[in-house]
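An overview of the molecular structure
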Amino acid sequence: MAAHARVLDRRRFEMILGEADAGSVLAAVDGYRNQDGGYGWGLEPDLRAPESQPAGALHAFEVFQEVAPATTPHAVQLCDWLASVSLPDGGLPLALPVEDASGCAPFWAQADPKVSTLQSTSFAVGAALRVAAYDSAVAAHPWLDRATQYCLTAIEAIGDRPHAIELSFALRFLDAVSDTRPEAVALLDRLRRFIPESGVLPVEGGSSDEVIRPLDIAPAPGRPARTLYDADVIDTELSRLAAEQQDDGGWLVDFVSYSPAAALEWRGYRTVAALSVLKQNSAI
């Protein structure tokens, strides 16, 4: 973490160890916040433009979930920003325009800002719902209900196998929303047909070994998403995850980074994620 991670992920790491409080972590994520209430500045490491973005909202909500039961007024202000950039159908575009695309992955920089996508909407809403479980102001925000309905409608309309990344965020969204919308459980079961027996989803168009694994979709025990996988698959994945720790103490990612800074930052982010999953599952 000392060699690779940004301040935010070092603070998140310290919180896992019990060495940092919520205030320290929230102060670190504030460095990525804009006056409009959204988040940019590389909070998504492969989207380094300063403008607020839906992907920035995802990562900010991840932090807000981690500090629970502590809350911050910035969470509901982020909902205000998301409402301001939502499209008429209630969805979010994959990304908003950037003035300078240096260090930005092409799929972010070239996204159509006038078209809603299930991928971006479900990743923002799924993360917000996990915050809403602790933050009543987020739970009551009208943006959340409208965007939730967009996602449910879009998932119900899925026919052919979606891209692995879109599928993974749709599944994580359904897991989160199942606490308040019972119909989500049936939709989760409908998407089960797209998951192979191994539970591993190859990422089309990614690097040759890029995949989405069961613990990426169902990191927490006892949640509805865990029912998508056999217990032995989860046990195998936990052992594999622990064994992937590198000699320097951190974990690697299996996808391409789009700047030298992102290549380093993803390692810190991934290391925090790996330790969080192992801890949630009593593997450390």
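Whatever comes next refers back to the structure up there.
Below or above, wherever it landed, is the structure these notes cover. Values in this document were obtained by computation on a predicted structure and should not be read as measured data. (Residues numbered from 1 in each chain as written. Predicted model: local features only at pLDDT ≥ 70, side-chain atom pairs only at ≥ 80, totals over all residues. Heavy atoms only, no water.)

1. Here's the deal with the packing of helix α12 (residues 231–243) against helix α13 (residues 260–280)
To keep it simple, the criterion reads: Only the stretch in contact is used when fitting a helix axis, every axis being a line fitted to C-alpha atoms; angles between N-to-C directions are given from 0 to 180 degrees. The helix count covers DSSP runs of H or I at least four residues long, the strand count covers runs of E at least two residues long, and both are numbered beginning at the N terminus. By the definition adopted for this analysis, an angle is roughly parallel if under 35 degrees, roughly antiparallel if over 145, roughly perpendicular if from 65 to 115, and oblique otherwise. Should the near helix be turned anticlockwise from the far one by less than a right angle, the crossing is termed left-handed; should it be turned clockwise, right-handed. Two residues form a contact once any of their heavy atoms are found within 4.5 Å. Each residue is assigned to one class: nonpolar for Ala, Val, Leu, Ile, Met, Phe, Trp, Tyr, Cys and Pro, charged for Asp, Glu, Lys and Arg, and polar for all the others, Gly among them.
Interhelical geometry of α12 versus α13 gives an angle of 140° and a closest axis separation of 10 Å. With respect to α13, the element α12 is oriented oblique. α13 is crossed by α12, and the crossing has left-handed handedness. Two secondary-structure elements touch here, α12 through Leu238, Leu241 and Ala242 and α13 through Arg270, Ala274, Val277 and Leu278. Residue composition of the contact of α12 with α13, grouped by class: six nonpolar, no polar and one charged.

2. Topic: the pattern of salt bridges
Put simply, the rule reads: Whenever Lys or Arg places a side-chain nitrogen within 4 Å of a carboxyl oxygen from Asp or Glu, that contact is recorded as a salt bridge. Throughout this description, buried means an accessible area under 20% of the type-specific maximum (1.4 Å probe, protein chains only), exposed means over 50%, and partly exposed covers the range between.
The tally for this structure, following the rule as stated, stands at 14 salt bridges. Glu183 is paired through a salt bridge with Arg181; the nearest N and O atoms lie 2.9 Å apart. The class for Glu183 is partly exposed, based on a relative accessible area of 34%. Ionic contacts of the salt-bridge type, sharing partners, join the residues Arg6, Asp9, Arg12 and Glu66 into one network.

3. A short note on empty space enclosed by the protein
In plain terms, the rule: In this analysis, the protein atoms alone were mapped onto a 1 Å grid. Cavities are point sets where a 1.4 Å probe fits without being able to get out; pockets are open sets with protein on both sides within 12 Å along at least five of seven lines; lining residues have an atom within 4 Å of a point. Grid points are joined across faces, edges and corners, and a volume is the space filled by probe spheres set on the points.
Evaluation of the coordinates by the stated rule reveals four cavities of 30 Å³ or more. By volume, the largest cavity is sized at about 40 Å³. What lines the largest cavity is simply Phe64, Ala68, Ala70, Thr71, Thr72, Ala75, Val131, Tyr134 and Asp135. Its residues assigned to classes, the lining of the largest cavity shows six nonpolar, two polar and one charged.

4. Some details on the packing of helix α6 (residues 118–132) against helix α8 (residues 142–156)
Between α6 and α8, the least distance of the axes is 9 Å, while the angle of their chain directions is 130°. Judged by the inter-axis angle, α6 sits oblique to α8. Crossing of α6 over α8 shows left-handed handedness. Touching Leu118, Thr121, Ser122, Ala124, Val125, Ala128, Leu129 and Ala132 of α6 are Trp143, Leu144, Ala147, Thr148, Tyr150, Cys151, Ala154 and Ile155, all from α8. Residue composition of the contact of α6 with α8, grouped by class: 13 nonpolar, three polar and no charged.

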